[in-house]
Amino acid sequence: MEVIIEGLGLCLALYLLCLSGIRNGAVNMVHLYGKDVQNRVIELGMTTQEKNR
């Protein structure tokens, strides 16, 4: 029973983390990708270096 409660708690934590990250658009979580993807998103003007931190 304890494992189920821990699993549900971790699922909720992950859900909240993703929810807060994509609240204003999925581009806000580009910091989780590699540098080449981050640089490409900046080149396309979808975000800035300051927002990427």
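Refer to the structure above for everything that follows.
In this report, we go over the structure that sits alongside the text.

## What about a nonpolar patch on the surface?
A cluster of nonpolar side chains, Met1, Ile4, Ile5 and Leu8, forms an exposed patch at the surface whose accessible area comes to about 490 Å². By the element assignment, Ile4 lies in helix α1 (residues 2–21).

## What to know about the pattern of salt bridges
Per the stated rule, a full pass over the model turns up 1 salt bridge. Arg40 is the partner of Glu43 in a salt bridge, and the nearest nitrogen-oxygen pair spans 3.4 Å. Pair noted here: Glu43 and Arg40 are both in helix α2 (residues 35–43), with a separation of 3 residues, about one helical turn. Taking the relative accessible area as the measure of exposure, Glu43 reaches 59% and is therefore exposed.

Reading guide: rules and limits
Residues numbered from 1 in each chain as written. Predicted model: local features only at pLDDT ≥ 70, side-chain atom pairs only at ≥ 80, totals over all residues. Heavy atoms only, no water. Patch = residues over 30% accessible without salt bridge, like charges linked within 9 Å, V, L, I, M, F, W, Y side chains within 5 Å. Areas by Shrake-Rupley, 256 points an atom, 1.4 Å probe, with all protein chains shown as cover. Salt bridge = Lys/Arg side-chain N within 4 Å of Asp/Glu carboxyl O. Helix = DSSP H or I, 4+ residues; strand = E, 2+ residues; numbered from the N terminus. Buried < 20%, exposed > 50% of the residue type's maximum accessible area, 1.4 Å probe, protein only.

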